[in-house]
Amino acid sequence: SSAGAGPGRAVTGVCALVADVKGRPCEDFCVLQHSNRRYNYISFCRICVITLAEAHPLLQSGKTIKSINYQISANCSRLQNKVSGKSKRGAQFLTELAPLCRISSSDGEEYTIYSCIRGRLIEVNENILSNPTILQEKPSTEGYIAVVLPKFEESKSITQGLLTQKEYEEVLLKRLNSSS
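Below or above, wherever it landed, is the structure these notes cover. Not measured: the values here are computed from a predicted model. (Residues numbered from 1 in each chain as written. Predicted model: local features only at pLDDT ≥ 70, side-chain atom pairs only at ≥ 80, totals over all residues. Heavy atoms only, no water.)

### Thoughts on the layout of surface pockets
Inclusion rule: Only protein atoms enter the 1 Å grid used here. Points where a 1.4 Å probe fits but cannot escape make up a cavity, open sets with protein on both sides within 12 Å along at least five of seven lines make up a pocket, and a residue lines them when an atom lies within 4 Å of a point. Grid points are joined across faces, edges and corners, and a volume is the space filled by probe spheres set on the points. Residue polarity follows a fixed list, in which Ala, Val, Leu, Ile, Met, Phe, Trp, Tyr, Cys and Pro are nonpolar, Asp, Glu, Lys and Arg are charged, and the others, Gly among them, are polar.
Here the largest pocket defines a volume of roughly 170 Å³. Around the largest pocket, the lining residues are Arg46, Lys86, Ser87, Lys88, Phe93, Arg120, Leu149, Pro150, Lys151 and Phe152. Class assignment for the residues of the lining of the largest pocket results in four nonpolar, one polar and five charged.

### Here we look at the side chain of Ser115
Put simply, the rule is: Helix and strand definitions follow DSSP, with helices as H or I runs of at least four residues and strands as E runs of at least two, each counted in order from the N terminus. Three exposure classes are used, based on accessible area relative to the maximum for each residue type with a 1.4 Å probe and protein chains only: buried under 20%, partly exposed in between, and exposed over 50%. Polar contact is defined as a pair of N or O atoms within 3.5 Å, subject to the rule that within protein one atom must be able to donate a hydrogen and the other to accept it, and that residues adjacent in sequence are counted only when both atoms are side-chain atoms. The contact criterion used throughout is that any non-hydrogen atoms of two residues lie within 4.5 Å.
Turning to its location among the elements, Ser115 is positioned in the loop between strand E9 (110-114) and strand E10 (119-124). You can call Ser115 buried: its relative accessible area is 0%. Within the structure, Ser115 has its side chain in polar contact with the backbone oxygen of Ile117 (distance 2.7 Å). Leaving out residues up to four positions away in the same chain, Ser115 has contacts with Ile50, Leu94, Thr95, Glu96, Ala98, Leu100 and Val148.

### What to know about the sheet that holds E9
To summarise the sheet geometry, strands pair through backbone hydrogen bonds and adopt either a parallel or an antiparallel arrangement. Condition: Pairing between strands is defined by DSSP: at least two bridges between them are needed. Every angle, taken between N-to-C directions, lies between 0 and 180 degrees, and every axis is a line fitted to C-alpha atoms, over only the stretch in contact when it is a helix.
Ordered in space as E4-E8-E9, the three strands form an open sheet in which the pairing is antiparallel. Since the sheet does not close on itself, it has two edges, and those belong to strand E4 (65-69) and E9, each with one partner. The average undirected angle you get between the axes of adjacent strands in this sheet is 20°. Inspection of the sheet shows E4 paired to strand E8 (residues 99-105) by four bridges, in the antiparallel sense. Considered in E8, the bridge of Ile68 is made with Ile103.

### Notes on the pairing of E9
Of all the five residues making up E9, four are buried; the element is thus mostly covered by neighbouring parts of the structure. Pairing geometry for E8 and E9, over five bridges, is antiparallel. Bridged to Cys101 within E9 is Ile113. In textbook terms, the turn of a hairpin is the stretch between consecutive antiparallel strands, and for E8 and E9 this stretch comprises four residues, one of which, Gly108, has a positive phi near 95°.

Written out as structure tokens, the structure is:
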């Protein structure tokens, strides 16, 4: 795993959240902006790990994942992303609403997972293809969707348009109150 989010490694840093992506209720995502501890201070690392947020329908009880597909269109597969060198040549460029994959559940629902941030696709998590349950069991570690590298000049502001954990909890509370 080239970016270091890989199996079993906890991603530490800032968790920014996106609620109701593309106006779809509860389809929430988490952008984990990785930080690196070195020499007793935190140095800034701009790698972002895209995961499902806790309220996403796929993480609710009773949902079973049937399939995960990184083939976005006839001409675009995220699995064909080949990255090389320090400048990450060959990486696919993503916009905030670029689809990363589509996930089907056994109840017939299909969910499109979006990048949520602009940047280069460094890797997709191929492990979830053969073991989709880790997406539900360990969504913020081994069950991550993809790793995205924002442009250097955008990396510090990447989480500005996203929700903090506290703001996200307020969104969840509003949802709960409006449904009861």
